[in-house]
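Commentary on secondary and tertiary structure
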There are 2 protein chains.
Amino acid sequence: MTYGEKLEALAPPTRRAVFERLAKGAASVGEIAAGLPVSRPAVSQHLRVLKDAALVTETRDGTKRVYAIDSQGLAELRDYFDRFWDEALDIFKRSVEGGDG
Amino acid sequence: MTYGEKLEALAPPTRRAVFERLAKGAASVGEIAAGLPVSRPAVSQHLRVLKDAALVTETRDGTKRVYAIDSQGLAELRDYFDRFWDEALDIFKRSVEGGDG
DNA sequence: GCAATACGTAAGCGATGACTTACGGAGAAA
DNA sequence: TTTCTCCGTAAGTCATCGCTTACGTATTGC
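Below or above, wherever it landed, is the structure these notes cover. (Residues numbered from 1 in each chain as written. Chains lettered and ligands numbered in written order. Predicted model: local features only at pLDDT ≥ 70, side-chain atom pairs only at ≥ 80, totals over all residues. Heavy atoms only, no water.)

Below, the discussion takes up the relation of the copies chain B and chain A. Under the fitted operation, chain B is carried onto chain A by 0.0 Å of movement along the axis and a turn of 180 degrees, and the coordinates agree to an RMSD of 0.0 Å. Such a turn and shift between the copies fits a two-fold axis. The rotation axis passes nearest to the C-alpha of Ala11 of chain B in chain B, at a distance of 3.1 Å. With an isologous cut-off of 70% or more, the 97% of interface residues of chain B that recur at the interface of chain A puts this contact in the isologous class. (Least-squares fit on C-alpha atoms with pLDDT ≥ 70 in both. Contact = heavy atoms within 4.5 Å.)

Contacts to DNA strand C come from 23 residues, most closely from Ser44 and Tyr67 of chain A together with Thr14, Ser39 and His46 of chain B. Between a phosphate oxygen of DNA strand C and a main-chain N or O atom of Gly30 of chain A, the distance comes to 3.0 Å. Here the surface near DNA strand C gets five residues from one element, more than from any other, and that element is helix α4 (residues 40–52) of chain A. (Near = heavy atom within 4 Å. Polar contact = N/O pair within 3.5 Å; in protein donor to acceptor, adjacent residues only side chain to side chain. Helix = DSSP H or I, 4+ residues; strand = E, 2+ residues; numbered from the N terminus.)

Attention now moves to the packing of aromatic side chains. In this description, an aromatic ring pair is defined by two values, namely the gap between the centres and the angle between the planes. Summed over the entire model, instances satisfying the criterion amount to eleven aromatic pairs over all chains. Ring centres of Phe19 of chain A and Phe84 of chain B lie 5.3 Å apart, and the angle between their planes is 25 degrees; on these two criteria the pair is classed as stacked. With Phe19 of chain A in helix α2 (residues 13–23) and Phe84 of chain B in helix α5 (residues 71–98), the pair connects residues from two separate chains. Phe84 of chain B sits in the buried class, given a relative accessible area of 8%. Every member of this aromatic cluster is reached through a ring pair, and the members are Tyr3, Phe19, Tyr80, Phe81, Phe84 and Trp85 of chain A together with Tyr3, Phe19, Tyr80, Phe81, Phe84 and Trp85 of chain B. (Phe/Tyr/Trp six-rings, centres within 6.5 Å; stacked < 30°, edge-to-face > 60°. Buried < 20%, exposed > 50% of the residue type's maximum accessible area, 1.4 Å probe, protein only.)

On to the packing of α2 of chain A against α4 of chain A. Residue and element names in this part refer to chain A. Contact pair α2 / α4: the axes reach a minimum separation of 10 Å and the direction vectors enclose 75 degrees. Relative to α4, the element α2 is oriented roughly perpendicular. Each of Thr14, Arg15, Val18, Phe19 and Leu22 in α2 lies in contact with α4, whose residues at this interface are Val43, His46, Leu47, Val49 and Leu50. When the residues that make up the contact of α2 with α4 are grouped by side-chain class, the tally is seven nonpolar, two polar and one charged. (Axes fitted to C-alpha atoms, helices over the stretch in contact; angles between N-to-C directions. Parallel < 35°, antiparallel > 145°, perpendicular 65-115°, else oblique. Nonpolar A, V, L, I, M, F, W, Y, C, P; charged D, E, K, R; others polar.)

So this is what it looks like as structure tokens:
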């Protein structure tokens, strides 16, 4: 639920690929795995982490499970970045202009 | 240099703590290590990764090495997120309104 | 009930990574 | 040059992680 958890969830390349796949539209586990060079259980495990981090949502459709981007969780991550950037860039500019380390 | 490298660099908690420390102002390796429960070499190794990812800059001041946020590299990461969010949230909203997966 | 589909979970393995201690190098002061 | 400060690097250890195969579960259709 924290931004740290979200960052860690998005760091591994394969898991980020899963997430970016969902950014292009909702999909089932099998559909996602078909487009990646890893097994279906691997994708399932990545989705578990993404779901725990509140980055994706899970919906049942028969025997399928459809995953999609969790817009609310994504917004929380964006808020963190916005606040971080405001603070960091402000201090950065101030140090450059003032010359004070 | 890629956003993937930047994401991976910011994922580990200790390394993110180093980065967030620099967001509050430039500092030397020793100063950073003094505020963290890890050794100085550990901080040095984290700074190396952050520098390779173009997230921090290095400046020499006598025997010290002063590290600071790399605003340009940070902006690149922000650009990636902006583009990602625009695409993801647009598709997300469209799927909700249209009801089409 | 029986078979098929789609998926999550458990167990195990190989690789990666974060950390430590020990050491060497570059700059400042005498 | 010698000494001190501050730092990067090398080597090694222990934990974590990402992946695979094997298996169990829930749902659909006959």
